[in-house]
Amino acid sequence: MQSYLDELKPDVNITSFKQKEYIIQKLRDRFMSYGYQQIQTPAFEPYDLYTTVTGTIHPDDMIKVMDPSGRVLVLRPDITIPITQKVASYVNHQSEELRYFYVLDVYRTTFNQQHDYEKTQAGIEFFGNETADSDAEVIALANQTLLDLKFKKFTIEIGHAAFFKEILEMVSISKEEKQLLKQFIQAKNIPGLEEFLHHLEIEESVKELIQEIPFLYGEPLKVIEKAKMLSLTKSMVEKLNRIKAIYETLSSYGYEEHVILDLGLINHMEYYSDVIFQGYIENIGKPILSGGRYDQLANQFHSSIPAIGFAFDVDLLVNQSPKQTDTLLNCTIQYNQSNKEKGIQTAQFLRKHNYSVTLSNEQQKVKSKYIIMLNKNSYTLSYQKDSYEVKSSNELLKIIQKLEGGN
Ligand SMILES: N[C@@H](Cc1c[nH]c[nH+]1)C(=O)O
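About the cut-offs
Residues numbered from 1 in each chain as written. Predicted model: local features only at pLDDT ≥ 70, side-chain atom pairs only at ≥ 80, totals over all residues. Heavy atoms only, no water. Salt bridge = Lys/Arg side-chain N within 4 Å of Asp/Glu carboxyl O. Helix = DSSP H or I, 4+ residues; strand = E, 2+ residues; numbered from the N terminus. Pairing = 2+ DSSP bridges. Near = heavy atom within 4 Å. Polar contact = N/O pair within 3.5 Å; in protein donor to acceptor, adjacent residues only side chain to side chain. Areas by Shrake-Rupley, 256 points an atom, 1.4 Å probe, with all protein chains shown as cover. Nonpolar A, V, L, I, M, F, W, Y, C, P; charged D, E, K, R; others polar. Axes fitted to C-alpha atoms, helices over the stretch in contact; angles between N-to-C directions. Parallel < 35°, antiparallel > 145°, perpendicular 65-115°, else oblique. Left-handed = near helix turned anticlockwise from the far one by under 90°. Contact = heavy atoms within 4.5 Å. Phe/Tyr/Trp six-rings, centres within 6.5 Å; stacked < 30°, edge-to-face > 60°. Buried < 20%, exposed > 50% of the residue type's maximum accessible area, 1.4 Å probe, protein only. Arc of directions from axis to C-beta.

The protein chain has the name ATP phosphoribosyltransferase regulatory subunit in an unreviewed UniProt entry, where Ornithinibacillus halophilus is given as its organism.

Written out as structure tokens, the structure is:
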């Protein structure tokens, strides 16, 4: 019988762990190439941080623990909030630019699967710049990272949290009704939406706009034109112009082919204030990355700092990314007591050239890509069904490099 503990057991699959590390390294390298520095937030945080800030995680969604003094803590349910709080505590100029990235676990009860409360996020947060160019730079970074990981078919859907909020503010309906409305739009449930709107007493032009939201989806410039015609206020048009500016800059990066505009895009994180975006890969209904601009979050920590960021769902990335070939090879050197020293020196030499080498006693069975045997004045390298005889460790290195397709 499966015990409760078995269900909680972490994934001990070596291959996927290797793959995860490989992907994280790729993400790190890419984030650093855009000037981001790695940081960490505490795993345990005060429960109050999340209950006193509006637009954060719902209290029911957090994992609570109690410290010895009886104080209630939560296991890191989000990373954007604590980073913003920290930055707000030491940034004096709102125009000081800060770029941070993280690879950390977050804990929420809403990650769907039973008892699967833990998710690794790899994300970036860019503080101190409120321009459309910075929006585009951040979205371009998300795009480039997916290309680094060899995804060919993916889309980045862009929406606008405030465009949608503005429409919601035009209708005087209850919180619950607003929630329902969001659900219909998110699910693109057109008949449901029509039926729901039919019973609401709201202005015809607003009704028409809401009804059209699920169709405000697709090629950005076309959607922007269509949305402009339906827009009811100047500020709606301004928001659409901002999206247009972002899209144009993304085209300068050469990434326009992956971008889709979805004005019905909804993120349940309430801290987003402007552009929001989500990345999707073929045949997967869940976003692989999600983010947006959250210019007002720092206000809650008595500061005023524009910011934008996103986070990858690393576990989903690991499951879905094309399998990476190992750069680190496995060589095994077989030795006996009489040639141990030569074995150790050869192993150190190959390790210096970034190969993964194990030393193994001749009697032991080995499973390795390259097997190296030590002869008195030479080496025998076995690779698949072939074997090669070389004189020196330098020649050994050269032949491995050649077999790997290098020089
Ligand atoms: N913290 C967000 C992602 C994000 C990072 N920065 C901005 N948004 C999330 O967990 O969905």
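A look at the pattern of salt bridges
Oppositely charged side chains are able to pair whenever their charged atoms sit close together. Under the defined criterion, the tally for this structure stands at 16 salt bridges. The salt bridge involving Glu282 is made with Lys153; its shortest N-O contact spans 3.8 Å. Taken together, the positions of Glu282 in the loop between strand E10 (275-281) and strand E11 (289-293) and Lys153 in the loop between helix H5 (132-148) and strand E7 (154-160) put the pair 129 residues apart, joining distant regions of the chain. Linked through salt bridges whose partners overlap, the residues forming this network are Asp135, Arg242, Arg293 and Asp295.

Section: the pairing of strand E17 (residues 386-390)
As judged from the five bridges shared by strand E16 (residues 379-383) and E17, these two strands associate in the antiparallel manner. Directly across from Ser382, in E17, lies its bridge partner Ser387. In textbook terms, the turn of a hairpin is the stretch between consecutive antiparallel strands, and for E16 and E17 this stretch comprises two residues, one of which, Gln384, has a positive phi near 50 degrees.

Looking at the site of the ligand
Around the ligand sit 15 residues in total, of which Asp78, Thr80, Glu125, Tyr271 and Tyr272 are the nearest. Contact distances for the ligand include 3.0 Å between an oxygen atom and a side-chain N or O atom of Gln121. Tyr271 places a polar side-chain atom, nitrogen or oxygen, 2.8 Å from a nitrogen atom of the ligand. Contact with the protein chains hides 95% of the accessible area of the ligand, taken as 300 Å² for the molecule alone. Elements that contribute at least two residues to the shell around the ligand include exactly strand E6 (118-127), E11 and strand E12 (307-313). Broken down by element, the shell around the ligand gets its largest block of residues, three residues, from E12. In terms of residue class, the shell around the ligand is built from seven nonpolar, five polar and three charged.

Looking at the packing of H5 against helix H11 (residues 234-253)
The interhelical angle for the contact between H5 and H11, taken along N-to-C directions, is 50 degrees, at an axis separation of 8 Å. One finds that H5 runs oblique with respect to H11. In this structure, H5 meets H11 at a crossing whose hand is right-handed. Mapping the contact onto sequence places Ala132, Asp133, Asp135, Ala136, Glu137, Ile139 and Ala140 in H5 and Arg242, Ala245, Ile246, Thr249, Leu250 and Tyr253 in H11. When the residues that make up the contact of H5 with H11 are grouped by side-chain class, the tally is eight nonpolar, one polar and four charged.

Here we look at the packing of aromatic side chains
Tallied over the full model, the rule gives 11 aromatic pairs. An angle of 80 degrees between the planes, with centres 6.3 Å apart, marks the rings of Phe31 and Phe310 as edge-to-face. In this pair, Phe31 is assigned in helix H2 (residues 14-33) and Phe310 in strand E12, connecting sequence segments 279 residues apart. Its relative accessible area of 0% is what places Phe31 among the buried residues. Through a chain of ring-to-ring contacts, the aromatic side chains of Phe31, Phe101, Phe277, Phe310 and Phe312 assemble into a single cluster.

Some thoughts on helix H8 (residues 190-198)
Listed in full, the buried residues belonging to H8 are Gly192, Leu193, Phe196 and Leu197. For H8, the angular spread of buried residues about the axis comes to 125 degrees, placing them on one side. Across from the buried face of H8, at angles greater than 90 degrees, the exposed residues are Pro191 and His198. In this fold, the buried residues of H8 make contact with helix H7 (175-186) and helix H9 (204-212). Capping the start of H8 is the job of one residue whose side-chain oxygen sits 2.8 Å from the backbone nitrogen of Gly192: Asn189.

Topic: the sheet that holds strand E8 (residues 217-218)
Taken in spatial order, the nine strands of this open sheet run E1-E5-E6-E12-E11-E10-E7-E9-E8, and their pairing is mixed. Every interior strand has two partners, whereas the edge strands, strand E1 (37-38) and E8, have only one. Judged from the two bridges that link them, E1 and strand E5 (residues 98-107) form a sheet pairing that is parallel. Each residue of the ladder has a partner; that of Gln37, found in E5, is Tyr100. Taken strand by strand, helix H6 (residues 161-170) contacts E7 and E10, and its axis lies near 40 degrees from that of E7. The strands touched by H11 within the sheet are E7, strand E9 (259-262), E10 and E11, with E7 carrying the most contacts at an inclination of about 155 degrees.

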